[in-house]
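# Structure assessment
The lines below spell out each chain.
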Amino acid sequence: MDASTEFENGQAKFDAIIAADEKIEPRDWMPDGYRKTVIRQMAQHAHSEVIGMQPEANWILRAPTLLRKAILIAKVQDEAGHGLYLYSATETLGVSRDELVGLLHEGKQKYSSIFNYPALSWADMGAIGWLVDGAAIVNQIVLQGTSYGPYSRAMVKICKEESFHARQGYSIMMALAEGSDEQKAMCQDALNRWWWPALMMFGPHDSESAHTAESMAWKIKRKTNDELRQMFIDQTVPQAHYLGMTIPDPDLVFDEETGHWTIGEIDWDEFWATIKGDGRLNRERITHKVKAWDEGRWVRDAATAYAAKQKMKPDKSA
Amino acid sequence: MTAVTTQNALATYVVRHADDNVVLGQRLAEYISRAPELEEDLAIGNLTLDHIGVADHLFTYAAKIDGCDLSGDDLVMFRSERDYTNLLLVEQRHDGFDDLIARQFLFDAYQLPFWEALSASNDETIAGIAQRAAKEARYHLRHSSMWMVRLGDGTPESHTRIQASIDRLWRFTSEMFETDALDREMVESGLGVDTSTLRETWESSVDAVLEEATLTRPQDSFQTSGGRSGMHTEYLGPMLAEMQWLQRSQPGMSW
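Description of the structure in this document. Everything numeric in this text was worked out from a predicted model, so none of it was measured.

Conventions and cut-offs
Residues numbered from 1 in each chain as written. Chains lettered and ligands numbered in written order. Predicted model: local features only at pLDDT ≥ 70, side-chain atom pairs only at ≥ 80, totals over all residues. Heavy atoms only, no water. Salt bridge = Lys/Arg side-chain N within 4 Å of Asp/Glu carboxyl O. Helix = DSSP H or I, 4+ residues; strand = E, 2+ residues; numbered from the N terminus. Buried < 20%, exposed > 50% of the residue type's maximum accessible area, 1.4 Å probe, protein only. Contact = heavy atoms within 4.5 Å. Buried area = accessible area lost by both parts, 1.4 Å probe. Polar contact = N/O pair within 3.5 Å; in protein donor to acceptor, adjacent residues only side chain to side chain. Core = buried A, V, L, I, M, F, W, Y, C linked by side-chain atoms within 4.5 Å. Lys, Arg positive; Asp, Glu negative; His and termini not counted. Axes fitted to C-alpha atoms, helices over the stretch in contact; angles between N-to-C directions. Parallel < 35°, antiparallel > 145°, perpendicular 65-115°, else oblique. Left-handed = near helix turned anticlockwise from the far one by under 90°. Nonpolar A, V, L, I, M, F, W, Y, C, P; charged D, E, K, R; others polar.

So, about the pattern of salt bridges. Pairing is possible between side chains that carry opposite charge, provided their charged atoms lie close to one another. Across all of its chains, the model carries 30 salt bridges over all chains by this definition. In this structure, Arg168 of chain B engages Asp99 of chain B in a salt bridge whose closest nitrogen and oxygen atoms are separated by 2.4 Å. With a gap of 69 residues between them, Arg168 of chain B in helix H7 (residues 156-169) and Asp99 of chain B in helix H5 (residues 97-118) connect regions that are remote in the sequence. We classify Arg168 of chain B as partly exposed; its relative accessible area is 41%. Look at the salt bridges and you will find they share partners, linking Glu56, Lys75, Glu79 and Asp133 of chain A into a network.

With 48 residues of chain A at the interface, the matching set in chain B holds 47 residues. Taken together, the two surfaces of chain A and chain B that pack against each other cover about 4,100 Å², and 68% of this comes from carbon and sulfur. Summed over the three residues of chain A that lose the most area to chain B, namely Leu61, Leu66 and Trp298 of chain A, the buried surface amounts to 20% of that side. The tally of links between chain A and chain B comes to three salt bridges. Our count for the chain A to chain B interface comes out at 13 residue pairs in polar contact (both at pLDDT 80 or more).

Bringing the side chain of Arg228 of chain B into the picture now. Residues and elements named next belong to chain B. Residue placement: Arg228 occurs in the loop between helix H9 (199-212) and helix H10 (236-249). A relative accessible area of 18% means that Arg228 is categorised as buried. Side-chain polar atoms of Arg228 contact the side chain of Asp20, separated by 3.1 Å. A distance of 2.9 Å separates a polar side-chain atom of Arg228 from the backbone oxygen of Thr85. Here Arg228 is in contact with Arg16, His17, Asp20, Thr85, Asn86, Leu87, Tyr110 and Glu175, once residues within four sequence places are set aside.

Attention now goes to the environment of Ile286 of chain A. Residue and element names in this part refer to chain A. Locating Ile286 in the fold gives a position in helix H12 (residues 282-295). For Ile286, a relative accessible area of 18% puts it in the buried group. Along the chain, Ile286 and Ile51 lie 235 residues apart, while their C-alpha atoms are 8.0 Å from each other. If we skip the residues at most four places from it in the chain, Ile286 touches Ile51, Leu104, His105 and Tyr111.

Here we take up the nonpolar core. One finds Trp122 of chain A together with Val22 and Trp115 of chain B to be the most contacted residues of the largest nonpolar core, which totals 176 residues. Here this core takes 13 residues from H5 of chain B, the largest share from any one element.

With that settled, consider the environment of Ala63 of chain B. Residues and elements named next belong to chain B. Along the chain, Ala63 turns up in helix H2 (residues 38-66). Separated by 53 residues in the primary sequence, Ala63 and Leu10 place their C-alpha atoms 11 Å from one another. Among all residues touching Ala63, those that are not within four sequence positions of it are Cys68, Leu70, Ser71, Gly72 and Leu75.

What follows covers unusual backbone geometry. Located in the positive-phi region is Lys219 of chain A, a residue other than glycine, with phi close to 60°. Take Lys219 of chain A: it is sitting in the loop between helix H9 (212-217) and helix H10 (225-243). Residue Ser33 of chain B is not a glycine yet carries a positive backbone phi of 80°. Here Ser33 of chain B shows up in the loop between helix H1 (9-29) and H2.

Here the focus is helix H3 (residues 53-60) of chain A. Among the eight residues that make up H3 of chain A, seven are buried, leaving the element largely enclosed by the rest of the structure. Every buried residue of H3 of chain A is accounted for by Met53, Gln54, Pro55, Glu56, Ala57, Trp59 and Ile60 of chain A.

Now for the side chain of Arg300 of chain A. When you line up the elements, Arg300 of chain A lands in helix H13 (residues 297-312). One buried charged residue, Arg300 of chain A, forms no salt bridge at all, with the nearest opposite charge on Glu37 of chain B at 4.7 Å. Not counting the four nearest positions on each side in its chain, Arg300 of chain A is found in contact with Trp293 of chain A together with Pro36 and Glu37 of chain B.

As a further point, take the packing of H3 of chain A against helix H4 (residues 66-91) of chain A. Residue and element names in this part refer to chain A. Where H3 contacts H4, the two axes come as close as 10 Å, and the packing angle between them is 155°. When the axis of H3 is compared with that of H4, the two are roughly antiparallel. Along this stretch, H3 crosses H4, giving a crossing that reads as left-handed. Residues Met53, Glu56, Ala57, Trp59 and Ile60 of H3 lie in contact with H4, whose contacting residues are Lys69, Leu72, Ile73, Lys75, Val76, Glu79 and Ala80. Grouping the constituent residues of the contact of H3 with H4 by class yields eight nonpolar, no polar and four charged.

These values are about where atoms sit, not about what they do.
Written as structure tokens, this is what we have:
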């Protein structure tokens, strides 16, 4: 079989799998563009989990009770686990975790811009769980139907844990909303600061999104940015009202005809600035990550050297 | 709020050991998101959760048996430096993974036999907490011993660093085996553990791991103590300031 026939057969099989809504598996032939897009998206997802540990780790030490502290530790630990799991799933496409981490450190791959916003009060632990994890879940539930098998299966596993994250966030907000005036103000302030960035997590409008059309055709994405954003808005606005809080958007109205909430304009200048590296904490987040990696080098070297010495030793079991 | 202390002897005894765990848990938490590998971030998260979890159980129980109007969290958040009675070893700061592992290892090798012995306490609740904690401590000791060996017998740099950490922390080890009047009272009533009897077990597990790790047991005989009577090093205060800040800035609130 010559190369062009192999390509045609591969492409035909790939198209058939996509058309039948079945999964592409690591050994299947896939177009280079598909492979690159899935790697980019999965790596970005893995990086987001890992960078996302930082704003919450910042509050573990100051958590108000041991139970809240333990829950927050468990959540941050889940994020490390999700990162690890997603890196492994990405490795099925022929890249190594070290390569991907290198690209993150060099600024050549991105992570979710939401983590470039600072966590300034205890209420932010509530807002992050409720809004940030809430937005992530909307996205990830749909991604369970993504066409790349290992990614789809990773999403099934991760979604189960994420719903606990969102619930613990809402529970923090609930305690504050029922508390003192200061606590209520803290709750509202966190909502004010996290609402718009959470909406930006879904990316630019469909008309502005570079990858949407192709990703939809390949069934990597199953719903567009605007569709996902609307799902999140519709589920979250009533939750904010239940807390007795105000959504920081004077243009927010409920459209009786469509049954959806309509929002005011998102600040796209802020969105693009943050994506391009000029958000509040872009530099700090990467610096923290690179510093930990560099400071851990001697430990990784020691583990490697030890393993090599063990190989050189005569087999103890013999 | 009245002074936050326990009056009951058993409660005071339980708080000592709760203090060891909350302080060590807080130290470990400082390292989360800073580990050399993602796998290690997960492992350190586990250790932290175990120590914070057992502390929570012990504080809650201490508050209950003391019959005071305090909650377990009150004991954590509203006692000051001089009222904390943890061992000095667990409050020591780490500059890196070397200090962190050395501190864990020296303490794990003590805490495992401690929990095992406390599992035989006459008090059912304490025995139950200790039995569960012993299972966790077995994993903790395996984890820290594994790293001691890898760092000790890894590269020349790792060998030097972990030896220096062990040397630096060695002076806080004898305190784990000291006993005072409260310990003796608890031992006599069958509730507590005579930690002086744990020393032999500790020494043999420490010596075995140091040998496998090609490390040298420190020869410096200087030892320091005082944690059980609230005489701390200067590192505990800043840690408590951070840990207690939110509760103290808005006391009496629900979180």
